[in-house]
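# Results of the structural survey
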Amino acid sequence: MILSPSLLSSDFSNLARELRDLEDAGLSWVHWDVMDGSFVPNITFGPPIIAGCRKNSGLFFDVHLMIEAPDRYLEDFVHAGADLLCVHAEACRHLERTLSEISRLGAKPAVALNPHTPLQVLEYVLPQVEMVLIMSVNPGFGGQTFIPFSLEKIRRLKSMINQCNSRALIQVDGGVTPDNTRDLLEWGADVLVSGSAFFAHPPYRQRLETFMQAAGEQLKIP
Ligand code: DX5
Ligand code: ZN
């Protein structure tokens, strides 16, 4: 299991310290929720803030773009230091082109689906993505309740991935807690995003251990 804490619930007044604390606690990924106030009813941060934080962090920057027409900013986000760029299928008119462009720029391409979006939209692009993000809440805010039908969606996606020999990871985002971690992994998730259920419970090392225990895994990092 990979745990990718969502900075949406972190202390925005001290992002550098938050990133350092995550790294010290043994985390390897961090999830950036980029919101434009149009695709979702909330606004967060953009490339300059990510670029500023990149300088002092060795974490894998998992960047979730909740923005309209993301093609306009792909280059900016890659230059800012995104390791993975995840675009919403609903926000891309030419999804294949967008994913190819992310690869060309040197980042890992990923695609996110809102809760109501059918998996069929992935049929032809699955072989070219490194990760699929299943939104298990409607995007825009932290602290929402997990939508139960997401579990079935993860199971179906897992079987689609196996059928086409894709190497795509399945990421689940929204309402993830230690209580549903075991189920999510059993149904096929590889990467769990957690915002409120992670940052509200410092110290982060202990919180990571709680998630790992829920996953039935031991924390191996010293
Ligand atoms: C929601 C974001 C999530 C969010 C998750 O729009 O994409 O990453 O931060 O927050 P929690 O874990 O609190 O549901
Ligand atoms: Zn997210």
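So, a few notes on the structure that sits alongside this text. (Residues numbered from 1 in each chain as written. Chains lettered and ligands numbered in written order. Predicted model: local features only at pLDDT ≥ 70, side-chain atom pairs only at ≥ 80, totals over all residues. Heavy atoms only, no water.)

### Some details on the packing of helix α6 (residues 178-186) against helix α8 (residues 204-215)
The following threshold applies: Angular values range over 0 to 180 degrees, each being the angle between N-to-C directions of two axes fitted as lines to C-alpha atoms, with helices fitted over their stretch in contact. Every helix listed is a DSSP run of H or I at least four residues long, and every strand listed is a run of E at least two residues long, numbered separately from the N terminus. When an angle is under 35 degrees it counts as roughly parallel; over 145 it counts as roughly antiparallel; between 65 and 115 it counts as roughly perpendicular; any other value is oblique. Each crossing is labelled by how the near helix is turned from the far one, with a counterclockwise turn of less than a right angle marking it left-handed and a clockwise turn marking it right-handed. The contact rule is simple, with two residues in contact once any of their heavy atoms fall within 4.5 Å. All residues other than Ala, Val, Leu, Ile, Met, Phe, Trp, Tyr, Cys, Pro, Asp, Glu, Lys and Arg, Gly among them, are scored as polar; the first ten of these are nonpolar and the last four charged.
For the pair α6 and α8, interaxial distance at closest approach is 8 Å and the crossing angle is 40°. In terms of orientation, α6 and α8 fall into the oblique class. Considering only the axes of α6 and α8, their crossing is right-handed. Contact with α6, carried on its side by P178, T181, R182 and L185, involves R207, T210, F211, A214 and A215 of α8 and no other residues of that element. Considered class by class, the residues forming the contact of α6 with α8 number 5 nonpolar, 2 polar and 2 charged.

### Brief notes about the site of ligand 1
For clarity, the threshold we go by: Any residue with a heavy atom positioned within 4 Å of a molecule or strand is treated as near that molecule or strand. N or O atoms within 3.5 Å of each other form a polar contact, as long as, within protein, one can give a hydrogen and the other can take it, and as long as residues adjacent in sequence are counted only when both atoms are side-chain atoms. With residues, only the protein chains shown are counted as cover, and all accessible areas are computed by Shrake-Rupley using a 1.4 Å probe.
Residues in contact with ligand 1 amount to 20 residues; listed here are only the nearest, D33, G140, G143, D173 and S196. At a separation of 3.5 Å, an oxygen atom of ligand 1 approaches a polar side-chain atom of H31. At a separation of 3.3 Å, an oxygen atom of ligand 1 approaches a polar side-chain atom of H64. Contact with the protein chains covers 99% of the free accessible surface of ligand 1, which is 380 Å². Put simply, the parts of the chain that give the shell around ligand 1 at least two residues each are β2 (29-35), β3 (60-66) and β8 (191-194).

### Thoughts on the sheet that holds strand β4 (residues 84-88)
Which entries qualify depends on this criterion: Here, a strand pair is defined by DSSP locating no fewer than two bridges between the strands.
An order of β1-β8-β7-β6-β5-β4-β3-β2 is seen for the 8 strands of this open sheet, with the pairing classed as parallel. Unpaired on one side and paired on the other, β1 (2-5) and β2 mark the two borders of the sheet. On average, each strand axis in the sheet is tilted by 25° relative to the strand beside it, whichever way the strands run. Pairing geometry for β3 and β4, over 4 bridges, is parallel. Looking at β4, one finds that H64 is bridged to C86.

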